[in-house]
Structures are given as C-alpha cells and as structure tokens.
Amino acid sequence: MASKRQKDSPEEEKKQASSFPDEVLECVLGFVKSHRDRSSVSLVCKDWYNAERWSRTHVFIGNCYSVSPEILVRRFPNIRSVTLKGKPRFSDFNLVPLNWGADIHAWLVVFASAYSFLEELRLKRMTITDESLEFLAKSFPNFKALSLVSCDGFSTDGLKAIVAHCKNLTELDILENGIDDLGGSWLSCFPENFTSLEVLNFASLNSEVNFDALERLVARCKSLKVLKVNKNVTLEQLQRLLVHTSQLTELGTGSFSQELTLREYSELESAFSNCKNLYTLSGLSEATSLYLPALYPACVNLTFLNLSDAALQSAELAKLLPHCPHLRRLWVLDTVEDKGLEAVGSSCPLLEELRVFPAEPFEQDVVIGGVTESGFVAVSQGCRKLHYVLYFCRRMTNSAVAAVVKNCPDFTHFRLCIMNPWEPDYLTKEPMDEAFGVVVKTCTKLQRLAVSGLLTDLTFEYIGKYAKNLETLSVAFAGSSDRGMQCVLAGCPKLRKLEIRDCPFGNAALLSGLERYESMRSLWMSACHVTMNGCRLLAREMPRLNVEVIKEDGSDDTHAEKVYVYRSVAGPRRDAPPFVLTL
Amino acid sequence: MGRSTNSSSSSIDSSNHPSLSCASSLQTKKDLSTDLRLGLNISTSSEIDNFSNNSREQSSDWPPLKPLLRSTLAEKGSNRQRTSYFVKVYMEGVPIGRKLDLFAHNDYDGLVRTLGQMFRTTILCPDIDGVLSDNDHVLTYEDKEGDWMMVGDVPWEMFLTTVKRLKITRADKC
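What you are looking at is a predicted structure, and each value in this text was computed from that prediction instead of being measured.

Trainee: Help me understand the packing of helix α10 (residues 235–242) of chain A against helix α11 (residues 262–273) of chain A in this model?
Mentor: Helix packing for two helices is described by the angle between their axes and how far apart those axes are. Residue and element names in this part refer to chain A. Relative orientation of the contacting elements α10 and α11 amounts to 40 degrees, with a least axis distance of 9 Å. With respect to each other, α10 and α11 are oriented oblique. As for how α10 packs across α11, the hand of that crossing is left-handed. Each of Leu 235, Glu 236, Leu 238, Gln 239 and Leu 242 in α10 lies in contact with α11, whose residues at this interface are Glu 264, Glu 267, Leu 268, Ala 271 and Phe 272. Among the residues making up the contact of α10 with α11, the classes are represented as 6 nonpolar, 1 polar and 3 charged.

Here it is in structure tokens:
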C-alpha cells in the first residue's frame, strides 16, 4: 500500500490552485525514469521536489555510505526497488581488506518497516550474510528480484532461504561473488508449484545443482527469459533444457565440451535452432571448433556475445562471427589474437563494444600470443561505430591508438590496459602520452578513461585540457609529479570518480582538489605519496567529506597507504572496522 | 606486500623516474618464476610453477581483473600449459616397453592404477602393503642423476621434476 500524501493547509491550496495539480504532476513524473533526470526535477522548486519524492519508486545509491537508510526512507516513502553500491571499485582487485564494511543488514532492517512492499534489491560490492538473506526473504512478501554482483559474506545456504520463501520471485542473479559455495542443493528448494521465474543466473557458482530439479524448474517457468547455468551443466543436459525454453532472450551455457554422439549433436543443433529469440549468449567454457557450429542457428539475432570463458582461436572466431550479423557487443579472450580481431573488423560492422581479456594475465614472459596494437587497429577499421573498448595487451604504440580514434572518434569508454607497468611505446620506446592525448582531443564524448603504459604528467595535462565530459578516470603506475593529478582536478568539470594507484601524487595533489571532491562521488588513492597529515588537513577543511585511511599492518604511521574520500550527508561511518581511520 | 617500493620514501625527487624505483618490486616476481623454472628438467611449466603462480595470484592485484575471471583464467592457464610428459616404462622380463604420460595423473595412486592396467599386474607399495613376497612387483624410477629409486618417497610434484623413466621390478631386487 503506497503511503498517501497529507493534504496541504488551506493557504497553500489557494497558492497551488493556479499551478499544476499535485496528482497530475506526480503522474507525469512517473514517466521520468532516469535517476539523474529525477534528481534534476527535484531541484526545480519545492513543489516539484515533493512531487518527485512521492512518485519515485526506484532509487539508485552509488555509494552506500553517502546517505543513511533513515535519511533515505524519510525522503522517499514509496520505493519498490533499490540499487546500492558499496565498496570502492579497486576492491575487485584485492586492494580493500576483508570486513571493510558495506554491510546491507542495517538497510534491510529500516526497509522492513518503511518499505514493506519492496520488490527489487540490486547490490554491487556489498556484504550480505546468510542471516540477512533469510531476513530479506521473510520480511518482504512482494519481493521479486534479487541481483548480487561482486558481493561477499554469504553462502549458498542463504540462497536457499530466498528460493524457499520468496513466492513471487522473478529474478535471481548471482554474479561473480566471493561466496561460500556449499553445494547446489539451493536450487532444489524452489517449491514445486513455483512458476514465476523470469531470470536465473547462477553461472558463477561452482557446485553442481540437481539437474532434474533444474529441468523441472525450467519446464514449469513459462516466462523464463534469462537462463545462465554453471559449468557443471553438460551439453547433453543443456539440450534438454533448451527444449523447454524457446522464448529465451539470454542464454549462458555450461561446459561446451563433451563426447557427443552424432544423434546427440544433431539434437543439440535443432535445440539451438529453436532459440531464435536469443539476444545474449555467454558461457561456452571449453568450447571447441567441434561443437561450436551447433550454435550457429541461435546466433541470428544475437547482439551480445560473451566469449570471455571460451578460449577460442582466431579461426574458430572467424567462422563463428559471420553467423552473428547483428552483433553490437563482443567480449573475447586474447587467445583469438590479432588475426581473430581482424575477423571482428571484417564481420561485425555494427559493433559498438569490444572487450578483450587476457588468457594468461600472470605470465610476464609471454612473447607470443595475446593481442597487440595491430589487432586494435584492425577492429577500428571495420567497426566504425565502436564506442566502448576494454583492451588488455602487452604492447601498444602511440600511432596505433591515433589510428584507432581516427577511425572511431565516438568513444565514450576507452579503457586500455597495457599489462606491464610503465611499458613505453613498443616501437619508439617513448611514453604513451601522445596516445591518450589524441584520445581526449578526438573523443569529445569520452565519459570513462583508464590509462596505462609509461606516462608522464603530459598525459594528465591533456586530460585536464580536453576531457571535458570525463566522469570516471582510472590511473595506475603513471605520472611524474603532483602536477599530473592537479591538472585533472582543475580541468575536468564532470569528474565523478577518480581512482589512482601507485602514482607519485602527494599531498599537494590531494589538496588541490579541495573544491572538487564535494561534486564527486569518490576519490581513491593507494600506494601514492599522500601522508596522514595531508589527509587530516583535507578532513579539517572539508567537514562534509569522509576522509578515510585504510591502515595496513606494518606500514609506517605517517604514510597514508590507502585513502578513500567521498561526500556524504550521513556523516562519518559508524560501522568502520579498526583498520579504517576516519579523519 | 611490497608491491610499490616507492611509497616508503617520503620525498621523491621529481627528477627520479618512477619506473626506476617502482620497478624493483615487480622485478622480484619475475625473477622468482625464472629461478623456479631453472631448477626443473622440464621445459614447459610444471605444476610447481603453477603452485607459485597460484599463491601470487591469490594476493595479486595486478593486472586489474576480477577474482572470478582471475581464477577461471588461472585454471585455464594451468590446464593449457600442462601439455604432456611421456616417460618409458619397462617391466622386468618384458623386452618391449610402454610409454606413459605422467602429466595425465595427479598423484601416485593414479599412476599405479594406470600401470597396473597397462601391465596387468599389481604394483605394491612397500610401506603400505607390508612385507612383500618375492613374486610381487614394485615401481622404481631413474632420476636426473641416473640413480634408480623407489617410487613414492617424495611429493608427487617433486617426483615429476626428477623422474626420467620408470621400471617395474620384482620385489626381491629391492
């Protein structure tokens, strides 16, 4: 039951008689979906602020510590869907210690009383325990969608509670979490009369689920649109599942290698022929050229192909791609090499996003294999609509990057990771400054940038001067002095997230951003030259920022090894563990 | 972790190139893997290499890859690097030998089972099976130094680095 607004006093009613009735305004605002637009709406005037807050049903909180659950429920009484992000992004790479925080429980307790009709909860980089999952399952009778991405703290036992108690569950999306996989029996906890599932993603869970239970579940959930299974599901089992699911729009297969008889293979092929509605395909672990052709009939409408689990060779990729004429997003491993990327260039004219992940990221002595600057250029030549790239490589040149952005000037996301730190231009041995210079000069719509390779302050001068739409910047092993960071903070008006590691930026750089940090979501600096005194100064000057230092064992007391600065209306954290110092 | 050594000095001369001071920590990792490889008689990475790789991977924070992708790739990496290592196996009294891929096994039990099937005999381990009679067979191997040793005394991974050939001999010879 949505809470109703109290009637205004007679005086106010008179004033409003000439303006838009509240109910109409709220109705109109119901069509405004984007949270940024809603934020703008709420700033127009008091009436609009109120109309907006009463009509908002979905809230997005990019930093769980920027606001408290109490403040949230006071402002927005009718929320049905909450998206929360917790830890700083570098926690994905083991830079944030365990038990740092971002625990959802306090939020759930408040939601249980204020938002009893809550339907959706989407968490990224938060901690959620089995107890919290059980609490969630039992507190919200209308609960429909749970999405946990890069979260930790729970086990498959917690999933059992969700599955068993949420009668109206439509979505269960468990992705890349650090969880205790205690077995696959959670899947068997779906009640036999349960049929509402539309999205099921357990691809990143390791243990085997009961296949019969899965098959029965898939057969009775006629609205199932998204199904992503884990590696333990075999090809033969997949075929049995596909028989029930011709309406799937997203499929994540299990392991794609198995000894199949000719008959089993043709059954698989016809199962895939039935999947004409697929837009997204992923999984395919251990896929080989032997069975990939069975897939071809299902690729006809594909817009997103995720091959980051399938170590394909260039020839296999070259044979697969012509069957995907509508491909817009492609994720691959660098086993496809430059030759595979040439095939991408020639087969995917509509491609908008490319991510190339390294198959052997920890081998520093790899001389053959992987992708190079030529592959990058080859893709750009054929895929002129490319605007999102994430490219892991071991060598790159300034001229190659210049060629790429000349072909594709519309980049909004340019993330280049040259895996060996401080790696210079492969041909000229010069810094890679000019590469990123030409990116920011040419790509005026650039929102997100990740830099790598040997970089001096010049790169950051370019960024500050040209990257006027930049919102997120990731920097590692780069720069020569404080000046680099100062240029960015002074020059990028739309900067919201700045994450820096292993750079020679110190207190002068940190403090040059005093005026900026309140308009940003957060700043992360680790292994730089910032000291505790510098952080204290920042905290003193800017009381509405939370300035936190993560103390590592054995580091010296003056150096601030890991600094996390963010704006907050909730004040300093009350749940900080002992190794997080709030200054 | 000692990943970035430049952070310990409080004043860095701006003329110092960062790579000179930061490079040493990553350089150490590189040397470690080379040293381990030099100690092995196998040219491709053996499981010992993967061991050290794994422990570094767990604590590694570079390149910036998510943990799940990291561990999936680690598995893939070790699977693909593991090629094969075939050694000759002779049974005493049988002039024609066989060849066996040691990398296809994870431990001594697997090896003994396979050999038992290959040679249609039971191979016994002295310490587990108690006193042997003269008609039983045991498994021996020739190591890098040319000595013939009883199989099973050293950890499996170490065995792989030193074994050159196998022989199934009668117990009375041991």
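Trainee: Could you clarify how one ought to interpret the nonpolar core in this entry?
Mentor: Among soluble globular proteins, nonpolar side chains are generally buried collectively. Within the largest apolar cluster, 179 residues are counted, with the highest numbers of intra-cluster contacts made by Trp 186, Leu 214, Phe 414, Leu 449 and Ile 463 of chain A. Tallying contributions element by element places helix α9 (residues 211–220) of chain A first for this core, with 5 residues. Once residues lying within four places of it in the same chain are set aside, the contact partners of Leu 214 of chain A are Leu 187, Leu 200, Phe 202, Val 209, Val 229, Val 233 and Leu 241 of chain A. Grouped together as the second largest cluster of nonpolar side chains are 23 residues, Val 89, Met 118, Val 151 and Leu 160 of chain B included.

Trainee: I would appreciate a short explanation of the pairing of strand β3 (residues 120–124) of chain A in the present structure.
Mentor: All names here are of chain A. Along β3, the buried face is formed by Leu 121 and Leu 123; none of Glu 120, Arg 122 and Lys 124, which line the opposite face, is buried. Bridge count between strand β2 (residues 81–85) and β3: 5 bridges; the pairing is parallel. Each residue of the ladder has a partner; that of Thr 83, found in β3, is Arg 122. A crossover connection joins β2 to the parallel β3 through helix α6 (residues 105–114); in handedness this β-α-β unit is right-handed. Pairing analysis gives 5 bridges linking β3 to strand β4 (residues 145–149), with the strands arranged parallel. What sits directly across from Arg 122, in β4, is Ser 147. Handedness of the crossover is the feature at issue here: the chain leaves β3, passes through helix α7 (residues 130–139), returns alongside β4, and the resulting connection is right-handed.

Trainee: Just checking my understanding: could you explain α9 of chain A for this structure?
Mentor: An α-helical segment advances 3.6 residues per turn. Residues three or four places apart therefore align on the same side. Residues and elements named next belong to chain A. Burial analysis of α9 places 7 of its 10 residues in the buried class, the great majority of the element. Residues of α9 that are buried: Phe 211, Ala 213, Leu 214, Glu 215, Leu 217, Val 218 and Arg 220. Here the buried face of α9 lies against β8 (199–201), β9 (226–228) and α10. Capping the start of α9 is the job of one residue whose side-chain oxygen sits 2.9 Å from the backbone nitrogen of Asp 212: Asn 210.

Trainee: Quick question: what am I supposed to make of the domain arrangement of chain A here?
Mentor: When the parts of a complex come together, some accessible area is lost, and that lost area is often used as the size of the interface. With domains assigned, chain A is organised as domain 1 (21–56) and domain 2 (506–582). The gap between the C-alpha centroids of domain 1 of chain A and domain 2 of chain A is 35 Å.

Trainee: Got a minute to help me understand unusual backbone geometry in this structure?
Mentor: Pro 63 of chain B follows Trp 62 of chain B through a cis peptide bond whose omega is 0 degrees. You can see Pro 63 of chain B is positioned in the loop between α2 (47–59) and α3 (67–81). In this structure, Ser 150 of chain A is a non-glycine residue whose phi angle is positive, near 50 degrees. If you trace the backbone, Ser 150 of chain A turns up in the loop between β4 and β5 (152–155). Classification of Ser 150 of chain A as buried rests on a relative accessible area of 12%. Notably, Leu 284 of chain A is not glycine yet its phi reads approximately 55 degrees, a positive angle. One can find Leu 284 of chain A in the loop between β11 (280–282) and β12 (304–306). Residue Leu 284 of chain A is classed as buried on the basis of its relative accessible area, which comes to 0%.

Trainee: How should I be thinking about the sheet that holds strand β1 (residues 86–91) of chain B in this particular structure?
Mentor: Two orientations exist for strands paired in a sheet by backbone hydrogen bonds: parallel and antiparallel. Residues and elements named next belong to chain B. Pairing is mixed across the open sheet formed by 5 strands, whose spatial order is β2-β1-β5-β3-β4. The strands lining the two open edges of the sheet, one partner per strand, are β2 (98–101) and β4 (148–150). Within the sheet, the average angular offset between the axes of one strand and its neighbour, ignoring direction, is 35 degrees. Across 3 bridges, the pairing between strand β3 (residues 137–143) and β4 is antiparallel. When the bridges of β4 are listed, Thr 140 appears paired with Met 150.

Trainee: Teacher, can you tell me more about the packing of helix α15 (residues 398–407) of chain A against helix α16 (residues 433–442) of chain A here?
Mentor: All names here are of chain A. Their axes nearest at 8 Å, the elements α15 and α16 cross at an angle of 15 degrees. Compared by their axis directions, α15 and α16 come out roughly parallel. Regarding α15 and α16, the two cross each other, and that crossing is right-handed. Side by side, α15 and α16 meet where Asn 398, Val 401, Ala 402 and Val 405 of the first sit next to Asp 433, Glu 434, Ala 435, Val 438, Val 439 and Thr 442 of the second. Residues that form the contact of α15 with α16 fall into these classes: 6 nonpolar, 2 polar and 2 charged.

Trainee: Please clarify how the packing of aromatic side chains should be interpreted in this entry.
Mentor: The description of an aromatic ring pair rests on the distance of the ring centres and on the angle between the ring planes. All names here are of chain A. Using the criterion set out here, one finds 27 aromatic pairs over all chains in the structure. One aromatic cluster is present, formed by Tyr 65, Phe 90, Phe 93, Trp 100, Trp 524, Tyr 564 and Tyr 566 through successive ring pairs. We note Arg 329 situated over the ring of Phe 304; from NZ or CZ to the ring centre the distance is 3.9 Å. A cation sits over an aromatic face here: Lys 429 above Tyr 426, 5.1 Å from the ring centre.

Trainee: Looking at this structure, I do not really get the confidence of the model for chain B. What am I missing?
Mentor: Residue and element names in this part refer to chain B. Averaged over every residue, the pLDDT of chain B is 64; the share at 70 or more is 48%. Throughout residues 1–58 the model reports pLDDT below 50, and contacts reaching past four residues in sequence, or to other chains, amount to 79 contacts. Across residues 76–82, where pLDDT falls below 50, the model places 14 contacts with residues more than four positions away in sequence or in other chains. For this predicted complex, the interface confidence comes out at an ipTM of 0.83, alongside a pTM of 0.78.

Trainee: Just checking my understanding: could you explain the environment of Gly 479 of chain A for this structure?
Mentor: Residue and element names in this part refer to chain A. Looking at where Gly 479 falls in the secondary structure, it is placed in the loop between β18 (472–476) and α18 (482–491). Residue class for Gly 479 comes out buried when judged on its relative accessible area of 2%. Measuring from C-alpha to C-alpha, the distance between Gly 479 and Asp 553 comes to 27 Å, with 74 residues separating the pair along the chain.

Trainee: Could you clarify how one ought to interpret the pattern of salt bridges in this entry?
Mentor: Oppositely charged side chains are able to pair whenever their charged atoms sit close together. Residues and elements named next belong to chain A. Per the counting criterion, the structure on display carries 33 salt bridges over all chains. Arg 38 is the salt-bridge partner of Glu 52, the closest N and O atoms lying 2.7 Å from each other. On the criterion of sequence distance, the pair formed by Glu 52 in helix α4 (residues 46–55) and Arg 38 in helix α3 (residues 35–42) is long-range, its members being 14 residues apart. When sorted by exposure, Glu 52 lands in the same class as Arg 38, which is buried. Among the salt bridges present, the one from Glu 461 reaches Arg 483, with a minimum N-O distance of 3.0 Å. One end of the pair, Glu 461, is in helix α17 (residues 457–466); the other, Arg 483, is in helix α18, and 22 residues separate them in sequence. Taking the relative accessible area as the measure of exposure, Arg 483 reaches 41% and is therefore partly exposed.

Criteria and cut-off values
- The residue count restarts for each chain, going from 1 along the sequence in the order it is written.
- As they are written, the chains are lettered A onward and the ligands numbered 1 onward, keeping that order.
- Where totals are concerned, whole chains, interfaces and linings use all residues; where local detail is concerned, this predicted model gives features only for residues with pLDDT of at least 70, and gives and counts side-chain atom pairs only at 80 or more.
- The basis for every side-chain value is the complete set of heavy atoms in the structure, and neither hydrogens nor water enter the calculation.
- Lines fitted to C-alpha atoms define the axes here, with helix axes fitted over just the stretch in contact, and angles between the N-to-C directions of these axes take values from 0 to 180 degrees.
- The helix count covers DSSP runs of H or I at least four residues long, the strand count covers runs of E at least two residues long, and both are numbered beginning at the N terminus.
- By definition in this entry, angles of less than 35 degrees are roughly parallel, angles greater than 145 are roughly antiparallel, angles of 65 to 115 are roughly perpendicular, and the rest are oblique.
- By convention, the crossing between two helices is left-handed when the near helix turns anticlockwise from the far helix through less than a right angle, and right-handed when the turn is clockwise.
- By definition in these notes, contact holds between two residues if any of their heavy atoms fall within 4.5 Å.
- Lys, Arg, Asp and Glu make up the charged group, whereas Ala, Val, Leu, Ile, Met, Phe, Trp, Tyr, Cys and Pro make up the nonpolar group; the residues left over, Gly among them, are polar.
- Only buried residues count toward a nonpolar core. Its members are Ala, Val, Leu, Ile, Met, Phe, Trp, Tyr and Cys residues joined through side-chain atoms within 4.5 Å.
- Exposed residues in this analysis have more than 50% of their type's maximum accessible area, buried residues have under 20%, and partly exposed residues fall in between, with area computed by a 1.4 Å probe over protein chains only.
- By definition, two strands form a pair when at least two bridges between them are found by DSSP.
- Every crossover in which the path from the first strand over the helix to the second runs clockwise, viewed with the strands pointing away from the viewer, is termed right-handed.
- For this analysis, a polar contact is any N or O atom pair within 3.5 Å, provided that within protein one partner can donate a hydrogen and the other can accept it, and provided that sequence-adjacent residues contribute only side-chain to side-chain pairs.
- Domain ranges listed in this record stem from an automatic or a database domain assignment.
- Only Phe, Tyr and Trp rings take part, Trp by its six-membered ring, and two of them pair if their centres are within 6.5 Å. Stacked means planes under 30 degrees apart, edge-to-face means over 60, and tilted covers everything else.
- Sitting over a ring, as applied to charges here, requires NZ of Lys or CZ of Arg to be within 6 Å of the ring centre and within 35 degrees of the ring normal.
- Confidence per residue, as judged by the predictor, is encoded in pLDDT with a range of 0 to 100.
- A pair is scored as a salt bridge if a Lys or Arg side-chain nitrogen falls within 4 Å of a carboxyl oxygen belonging to Asp or Glu.

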